[in-house]
Amino acid sequence: MLKRIEASQVRAGMFIEAVEGAWNDPLLGRHRFLVRRESDAQRLRGSGVAGVVINTAKGVDTNGLRSNVPAYASEDPRAVEAQTKAARETIQKSAEQLEDVFSKIQGGAGVAIDDIAPVISGLSTSLDENPAIFLSVTRLKSKDETTFVHSLSVSALMIHFSRYLDFDEETVRVLGIAGLLHDVGKVEIPHEILAKEGKLDDEEMQLIRSHPELGHAILKRQAGMPDIVLDVCLNHHERIDGRGYPNMVPGSKLSTYAKLAAICDVYDAITSIRPYKQPWSPADALKWMLSREGHFDIKLLKRFALCLSVASAHKA
């Protein structure tokens, strides 16, 4: 549905069909585009244009919701199929690269950022092409590839979310690396515990909960490892109310990066196939996360939910 609105009403997630007037700004000069970042929405609101035409079947309306139309309704099914295939190929290749990196670490070798760089490059390219398709494909994990694809998915979510928050590209890149390495401590935990179906006993749970400190120790030994990567690795299981692990750090002392990682990590865990559970839908996952008082930074979590709605708008 096409709808004219005032420029002051533009928000991230809207699909712009037309901008009134002719402008030199590269953003305003484009024909039909999704407003993916809040900074772009601000540019439109402050541009001086009288109004814009939005398509509520392809993006959000002024109420933040999309029209009730089937996903992919306006896109060529062949294009969707091609993008889905490309996303799966990227994930498979990236998972193999990451598995090789983790195998070297398990064998006592160091972590070279240069070994991680190709993975980040592949994720970034796929996210740029169609974030909704790529993020949906990362949810489809077999039990044998959970560990590596989970890390890829968390990395992709962190890249996508940090871009939505308008972090500079170097910080986005480092957060992508942090997502890939946040669970590196699990290389020191027996596979049978990681893949166990059913409830863990107290000793097994204690071992699992040691992985942030184990990973932090591994990464800290590497020269030039960014502080953000170390922070995320150690603190991605901490909680706002100070009841997380491994150090029960309260929210007031947690960085935005650690809070962001905690959201992305849990969201992927509960929306993906795991050895011990079936996946939740994205809507159910976000509803549950928003109900977890004291667990997440709620303001940041609400922005994450909007970030996902922007990605969803992109796939139509």
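This report concerns the structure included in the present document. (Residues numbered from 1 in each chain as written. Predicted model: local features only at pLDDT ≥ 70, side-chain atom pairs only at ≥ 80, totals over all residues. Heavy atoms only, no water.)

**Examining the packing of helix α11 (residues 256-271) against helix α12 (residues 282-291)**
Inference 1: Contact geometry for α11 and α12: axes closest at 9 Å, N-to-C directions at 135°. In this view, α11 runs oblique relative to α12, as classed from their interaxial angle. As α11 runs across α12, the sense of the crossing is right-handed. Between α11, through Ile263, Val266, Tyr267, Ile270 and Thr271, and α12, the contact on the second element is made entirely by Pro282, Ala285, Leu286, Trp288 and Met289.
Inference 2: In terms of residue class, the contact of α11 with α12 is built from 9 nonpolar, 1 polar and no charged. (Axes fitted to C-alpha atoms, helices over the stretch in contact; angles between N-to-C directions. Helix = DSSP H or I, 4+ residues; strand = E, 2+ residues; numbered from the N terminus. Parallel < 35°, antiparallel > 145°, perpendicular 65-115°, else oblique. Left-handed = near helix turned anticlockwise from the far one by under 90°. Contact = heavy atoms within 4.5 Å. Nonpolar A, V, L, I, M, F, W, Y, C, P; charged D, E, K, R; others polar.)

**Description of the nonpolar core**
Inference 1: By size, the foremost hydrophobic cluster in this structure holds 63 residues, and its most contacted members are Met158, Phe161, Leu181, Leu219 and Phe304.
Inference 2: In terms of residue count, helix α5 (residues 146-164) provides more of this core than any other element does, 10 residues in total.
Inference 3: When residues no more than four places from it in sequence are discounted, the contact partners of phenylalanine 304 are Leu157, Phe161, Ile263, Cys264, Tyr267 and Leu286.
Inference 4: Core analysis: the next-biggest nonpolar cluster, separate from the first, contains 14 residues, Met14, Val19, Phe33 and Val52 among them. (Core = buried A, V, L, I, M, F, W, Y, C linked by side-chain atoms within 4.5 Å. Buried < 20%, exposed > 50% of the residue type's maximum accessible area, 1.4 Å probe, protein only.)

**Focus on the sheet that holds strand β1 (residues 2-6)**
Inference 1: With antiparallel pairing, 4 strands are arranged side by side in an open sheet as β1-β4-β2-β3. Each having just a single partner strand, β1 and β3 (33-34) make up the two edges of the open sheet. (Pairing = 2+ DSSP bridges.)

**What to know about the packing of helix α3 (residues 113-129) against helix α4 (residues 131-138)**
Inference 1: Contact geometry for α3 and α4: axes closest at 5 Å, N-to-C directions at 125°. In this view, α3 runs oblique relative to α4, as classed from their interaxial angle. Across the interface between the two elements, Leu123, Ser126, Leu127 and Glu129 from α3 touch Pro131, Phe134 and Leu135 from α4.

**Notes on the side chain of histidine 236**
Inference 1: With respect to the helices, strands and loops of the structure, histidine 236 is situated in the loop between α10 (227-235) and α11.
Inference 2: A distance of 3.3 Å separates the side chain of histidine 236 from the side chain of aspartate 183, its partner in a polar contact.
Inference 3: There is a polar contact of 3.3 Å between the side chain of histidine 236 and the side chain of histidine 211.
Inference 4: Those residues in contact with histidine 236 that sit more than four places away from it in its chain are His182, Asp183, His211, Pro212, Ala258, Ala261, Ala262 and Asp265. (Polar contact = N/O pair within 3.5 Å; in protein donor to acceptor, adjacent residues only side chain to side chain.)

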